[in-house]
Protein chains: 2
Amino acid sequence: MKHREPGSEHDLLFTNRVPTGDSMPRDICDRCGFIHYDNPKIVVGAVVTHGDRFLLCRRAIEPRKGYWTLPAGFMEHGETTDEGARREAREEANAEIRIRDLLAIYNIPRIAQVQMMYRAELASPEFSAGPESLEVALFSWDEIPWDQLAFPSAYWALKQFRSVMDQVVIAPFSNPEGELANSFPFR
Amino acid sequence: MKHREPGSEHDLLFTNRVPTGDSMPRDICDRCGFIHYDNPKIVVGAVVTHGDRFLLCRRAIEPRKGYWTLPAGFMEHGETTDEGARREAREEANAEIRIRDLLAIYNIPRIAQVQMMYRAELASPEFSAGPESLEVALFSWDEIPWDQLAFPSAYWALKQFRSVMDQVVIAPFSNPEGELANSFPFR
Ligand SMILES: [Zn+2]
Ligand SMILES: [Zn+2]
């Protein structure tokens, strides 16, 4: 989490100690007393299908600029998780989606993220690149640019989606284990 | 989110504007430039059973001190959601639990919370009140102190748990609608 705006008055000097009334050590700004709580952040996104094709966005921004991913991003204040997933599809792909159910929850404690990925469908066959995408396209399973995917979680979500494609009721997946966990091209 | 420690040098004076490089207005501290991102926070907890009884904790702290609830609390940095649920059971009930699967995800945008409630079992029949609990007890369904429950989400989770008790694979619930949404005694 960014503490302050670029160019504001002081540098970041934190001391790690237990704040008054707290039970855990936190990074505390030596100058202004800001407490860096560093709560995990929620990423919301969706595997979006249209018939038997999958909606992917090619990233116009870092990290992983130029690589393909699912519409997903940080949940905002004042929205629900499914509203967030719909907003991200709107922002990144100018697409209206219908959320079906929860596909997976990925925990990535190293970067303090919890990612919630839904199963969803295009509400209409209209989409185009939003400001954070270079292009947006529908791919059949075999056309998916597997070696150009931006993030492991996009890879996991697509593979896990495919494994339960015909099931109406699913328990959401977690981080994969075994081969799927280790087969992402960029790990 | 608390910005600073009590007693530190300046009062909280925020201006709501769009920070450099951002796309949304945020509360920004007039003095030190701190950006109040206000991301939704994750609460993790569990409906914990032992045989046909349910583990509940009577709260030793506000809010809702003296009322009964499920072991649950804010997810911490560096842990996964299920590790967080296990930690909360340990902290509030000195109990080791085995997570089974995800029961429900409740969105409470008014207070910017996403609550993730698991189905879990006591790993051993040992428990006692942790520092945030006045007492911890196992209740049969009919003994649950329904009119002394602390929070709607504890009520929802218990009721939704009961409705799928015999199902091995479940799709997680969301916020209830209809009667269950409106029948919590304290709403
Ligand atoms: Zn500071
Ligand atoms: Zn400040």
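This write-up is about the structure you can find in this document.

Cut-off values and rules
Residues numbered from 1 in each chain as written. Chains lettered and ligands numbered in written order. Predicted model: local features only at pLDDT ≥ 70, side-chain atom pairs only at ≥ 80, totals over all residues. Heavy atoms only, no water. Helix = DSSP H or I, 4+ residues; strand = E, 2+ residues; numbered from the N terminus. Buried < 20%, exposed > 50% of the residue type's maximum accessible area, 1.4 Å probe, protein only. Contact = heavy atoms within 4.5 Å. Areas by Shrake-Rupley, 256 points an atom, 1.4 Å probe, with all protein chains shown as cover. Core = buried A, V, L, I, M, F, W, Y, C linked by side-chain atoms within 4.5 Å. Phe/Tyr/Trp six-rings, centres within 6.5 Å; stacked < 30°, edge-to-face > 60°. Lys NZ or Arg CZ within 6 Å of the ring centre and 35° of its normal. Expected span 1.5 Å × (residues − 1). Pairing = 2+ DSSP bridges. Polar contact = N/O pair within 3.5 Å; in protein donor to acceptor, adjacent residues only side chain to side chain.

Quick word on the overall build of chain A
Assigned secondary structure in chain A consists of three helices and ten strands. The burial tally for chain A puts 50% of its 187 residues in the buried class. Of the contacts formed within chain A by residues at least 6 apart in sequence, a portion of 61% connects residues at least 24 apart. Carbon together with sulfur atoms contributes 47% to the accessible area of chain A, which is approximately 8,900 Å² in total.

Thoughts on the environment of A:Leu56
Residue and element names in this part refer to chain A. Tracing the backbone shows Leu 56 in strand β5 (residues 53–59). For Leu 56, a relative accessible area of 0% gives the class buried. Sequence separation of Leu 56 and Phe 139 is 83 residues, and the distance between their C-alpha atoms is 7.5 Å. Those residues in contact with Leu 56, other than ones at most four positions away along the chain, are Trp 68, Thr 69, Leu 70, Glu 135, Val 136, Ala 137, Phe 139, Ile 144, Pro 145, Leu 149 and Leu 158.

Some remarks on the nonpolar core
In terms of nonpolar packing, the biggest core is built from 42 residues, with A:Leu55, A:Ile105, A:Met116, B:Leu55, B:Ile105 and B:Met116 touching the most fellow members. Counting residues in each nonpolar core, the second largest holds 26 residues, with B:Val43, B:Ala72, B:Phe161 and B:Val164 among its members.

Overview of the packing of aromatic side chains
Residue and element names in this part refer to chain A. Under the defined criterion, the tally for this structure stands at 14 aromatic pairs over all chains. Three or more aromatic residues link up through ring pairs in this structure, and these residues are Phe 54, Trp 141, Trp 146, Tyr 155, Phe 161 and Phe 184. One Lys or Arg, Lys 41, reaches over the ring of Phe 74 and ends 5.7 Å from the middle of that ring. Just above the ring of Tyr 67 sits the side chain of Arg 64; from NZ or CZ to the centre is 4.0 Å.

Section: helix α2 (residues 152–163) of chain A
Under the 1.5 Å per step criterion, the end-to-end length of α2(A) is 17 Å for twelve residues, consistent within 8% with the ideal 16 Å. Residues of α2(A) that are buried include every one of A:Ser153, A:Ala154, A:Tyr155, A:Trp156, A:Ala157, A:Leu158, A:Gln160 and A:Phe161, and no others.

Description of the pairing of strand β8 (residues 97–108) of chain A
All names here are of chain A. Most of β8 is tucked away: nine of the twelve residues are buried. Two strands pair when backbone bridges link them, and β8 and strand β9 (residues 113–122) are joined in this way by ten bridges, in the antiparallel orientation. Paired with Ile 108 across the two strands is Gln 113, which belongs to β9. Taking the residues between adjacent antiparallel strands as the criterion, β8 and β9 are bridged by four residues, where Ala 112 takes a positive phi near 55°.

Thoughts on helix α1 (residues 81–93) of chain A
Helix length check: α1(A), at 13 residues, gives a terminal C-alpha distance of 18 Å against a target of 18 Å (1.5 Å per residue), a fit within 8%. For α1(A), the full list of buried residues reads A:Thr81, A:Gly84, A:Ala85, A:Arg87, A:Glu88, A:Ala89, A:Glu92 and A:Ala93.

Let's talk about the side chain of A:Arg119
The residue A:Arg119 is located in strand β9 in this model. Here A:Gln167 takes part through its backbone oxygen, which lies 3.0 Å from a polar atom of the side chain of A:Arg119.

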